[in-house]
Amino acid sequence: TLPAKAFAAYVPARSRTWVLRFESVNYRATVWLDGKQIGSHTGAYLPFEFSLGRLGPGVHQLVVRVDDRRGTGDLPPGPTGGWWNFGGLQREVYLRAVARADIARVQVRPLLPCPECAATIEERAVIRNYTSAAQAVALIGTYGPVRVDFGRAMIPPHASWTPTRRVTIQHPRLWSVSRPSLYRATLTLEDRSGRRLGGYVTYSGVRSIVLRHGRLLLNGEPLDVRGVDLHEQSVQTGAALSPAQLNQLMSWVRSLGATIIRAHYPLNPEIEEAADRDGILLWSEVPVYQVSDQELAQ
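Explain the packing of aromatic side chains here, please?
Under the defined criterion, the tally for this structure stands at 6 aromatic pairs. Taken together, the aromatic side chains of Phe22, Phe48 and Phe50 make up a single cluster linked through ring pairs. Here the basic side chain of Arg207 rests over the ring of Trp175, its NZ or CZ set 4.4 Å away from the ring centre. One Lys or Arg, Arg262, reaches over the ring of Trp283 and ends 5.6 Å from the middle of that ring.

Before we go on, may I ask you to explain the environment of Phe22 in this structure?
As for its position among the elements, Phe22 is in strand 1 (residues 16-22). A sequence separation of 40 residues divides Phe22 from Leu62, and the C-alpha atoms of the two residues are 13 Å apart. Each residue touching Phe22, except ones within four places of it in the same chain, is listed here: Val31, Leu46, Pro47, Phe48, Phe50, Val64, Leu89, Glu92 and Val93.

Explain the pattern of salt bridges to me, please; I cannot follow it from the model alone.
It is possible for side chains bearing opposite charge to pair when their charged atoms get close. Following the criterion strictly, the structure yields 17 salt bridges and no others. Between Arg147 and Asp149 there is a salt bridge whose closest N-O contact spans 3.8 Å. Given the relative accessible area of 41%, Asp149 is considered partly exposed. Sharing partners across several salt bridges, the network here consists of Arg21, Glu23, Glu49, Arg96 and Asp102.

Just to check I follow, could you spell out the sheet that holds strand 15 (residues 183-191) for this structure?
Think of a sheet as strands paired side by side through backbone hydrogen bonds, with each pair either parallel or antiparallel. Sheet architecture is open: 4 strands sit in the order 12-11-15-16, paired in antiparallel fashion. Edge positions in the sheet fall to strand 12 (146-155) and strand 16 (196-204), since each has one partner strand and no second. Looking at each pair of strands side by side, their axes are set apart by 15 degrees on average, direction ignored. Pairing geometry for strand 15 and strand 16, over 8 bridges, is antiparallel.

Just checking my understanding: could you explain helix 2 (residues 269-278) for this structure?
An α-helical turn contains 3.6 residues, so any two residues separated by three or four positions project in the same direction. When we look at burial in helix 2, the residues that qualify are Ile271, Ala274, Ala275 and Asp276. Looking at where helix 2 begins, the residue whose side-chain oxygen comes 2.9 Å from the main-chain nitrogen of Glu270 is Asn268. Trailing helix 2 by a residue or two, Gly279 shows a phi angle of about 75 degrees, which is positive.

Just checking my understanding: could you explain helix 1 (residues 243-255) for this structure?
Here helix 1 contains 13 residues, and its C-alpha end-to-end distance of 18 Å stays within 8% of the 18 Å for a straight helix at 1.5 Å per residue. Where helix 1 is concerned, the buried positions are Leu246, Leu249, Met250 and Val253. Down the axis of helix 1, the buried side of the element spans an arc of 95 degrees, and every buried residue falls inside it. Residues of helix 1 that are exposed and point more than 90 degrees away from the buried face comprise Ala244 and Ser255. Next to the buried residues of helix 1 lie strand 20 (227-229), strand 21 (260-263) and helix 2. Positive backbone phi, approximately 75 degrees, marks Gly257, located one or two places after helix 1.

Please clarify how a nonpolar patch on the surface should be interpreted in this entry.
Residues Leu62, Leu89 and Val93 make up a contiguous nonpolar surface patch of roughly 220 Å² in combined accessible area. With respect to the helices and strands, Leu62 occurs in strand 6 (residues 62-67). Looking at Leu62, the relative accessible area reads 38%, which means it is partly exposed.

Even after reading the chapter, I still don't get the pairing of strand 3 (residues 28-33), so can you show me in this structure?
Consecutive residues of a regular strand have side chains that alternate between opposite faces of the sheet. Here 6 bridges tie strand 3 to strand 4 (residues 36-42), and the two strands are oriented antiparallel to one another. Its bridge partner lying in strand 4, Trp32 is registered against Gln37. Remark: 2 residues form the turn of the hairpin made by strand 3 and strand 4, two consecutive strands paired antiparallel; Asp34 in that turn has positive phi of roughly 55 degrees. Pairing between strand 3 and strand 6: 6 bridges, direction antiparallel. Residue Val31 lies in a different strand from strand 6, and its bridge partner there is Val64.

What is the right way to read the sheet that holds strand 6 from this model?
As summarised here, the arrangement of the 3 strands in space is 4-3-6, forming an open sheet in which the pairing is antiparallel. The open sheet has two edge strands, strand 4 and strand 6, and neither has a second partner. Across the sheet, the axes of successive neighbouring strands diverge by a mean angle of 15 degrees, strand direction being ignored.

Looking at this structure, I do not really get the nonpolar core. What am I missing?
In a soluble, globular protein the nonpolar side chains are often hidden away together inside. Of all hydrophobic cores here, the largest spans 38 residues; its most connected members are Ile127, Leu139, Tyr143, Trp161 and Leu189. Each residue touching Trp161, except ones within four places of it in the same chain, is listed here: Ala125, Val126, Ile127, Val137, Leu139, Phe150, Gly151, Arg152, Ala153 and Ile155. Leu230, Ala263, Ile271 and Ala275 belong to the second-largest nonpolar core, a separate cluster that totals 19 residues.

Calculation notes
- Residues numbered from 1 in each chain as written.
- Predicted model: local features only at pLDDT ≥ 70, side-chain atom pairs only at ≥ 80, totals over all residues.
- Heavy atoms only, no water.
- Phe/Tyr/Trp six-rings, centres within 6.5 Å; stacked < 30°, edge-to-face > 60°.
- Lys NZ or Arg CZ within 6 Å of the ring centre and 35° of its normal.
- Helix = DSSP H or I, 4+ residues; strand = E, 2+ residues; numbered from the N terminus.
- Contact = heavy atoms within 4.5 Å.
- Salt bridge = Lys/Arg side-chain N within 4 Å of Asp/Glu carboxyl O.
- Buried < 20%, exposed > 50% of the residue type's maximum accessible area, 1.4 Å probe, protein only.
- Pairing = 2+ DSSP bridges.
- Axes fitted to C-alpha atoms, helices over the stretch in contact; angles between N-to-C directions.
- Polar contact = N/O pair within 3.5 Å; in protein donor to acceptor, adjacent residues only side chain to side chain.
- Expected span 1.5 Å × (residues − 1).
- Arc of directions from axis to C-beta.
- Patch = residues over 30% accessible without salt bridge, like charges linked within 9 Å, V, L, I, M, F, W, Y side chains within 5 Å.
- Areas by Shrake-Rupley, 256 points an atom, 1.4 Å probe, with all protein chains shown as cover.
- Core = buried A, V, L, I, M, F, W, Y, C linked by side-chain atoms within 4.5 Å.

Structure, rendered in structure tokens:
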């Protein structure tokens, strides 16, 4: 059942769209809405979305078929690839209300040429028009105290606008293991009248990690870390973990005094955000750890 009052009154019914998001399905997903197939996806631990278009009031039936069998062409390859036998809907599934246009993707990339230098913050967004009419929009944001103005655009029907902007932080507070300083970064999408259509918030650390003479340097200093390996799993619920279970995993990491987490796959965004807040680095492997040298050489 669609949530009531999800859209502001100034958004006409013809400009209202629903987007369905899956944070992780292991391994193949096929999705139907009200008896009609709307899409499919292959690959675990990565989010994907489907546009549902305009939906009328009342109850709608969503059906998801999941097949966790793996073949030789999958990553990691089957039939025994992956971690344990956890298949299914592993992470959150939710609806997003889209008014005219959507902030579909955001990249916030701090660039620090030297520990004493000013930092350049490079931001890129993908703004998607889900309607059949051209939409005039503006995108503004902040990075800590600095305003980020992406300007305005007229997005053609069912097209995208990909603006990029750079701003400078003259004396940045650097993120480190001992002092995990984070900047609040925001984006706001507006219509031609300055009314809010959508928003985005993340927390970003300014840092540099380089390899020099065989040593990893964090902000110019040798990086010495104490690491743990982490799998998203529970005896009770397999790989489908609640926020409380994710918090428990991170509490164990902190109690061990770890400053880096190694994982075979992209971890839940809640774990990634907690690690940033706690001064913990992430080592996320590309999922080829069960691929033979012979296969990689081909």
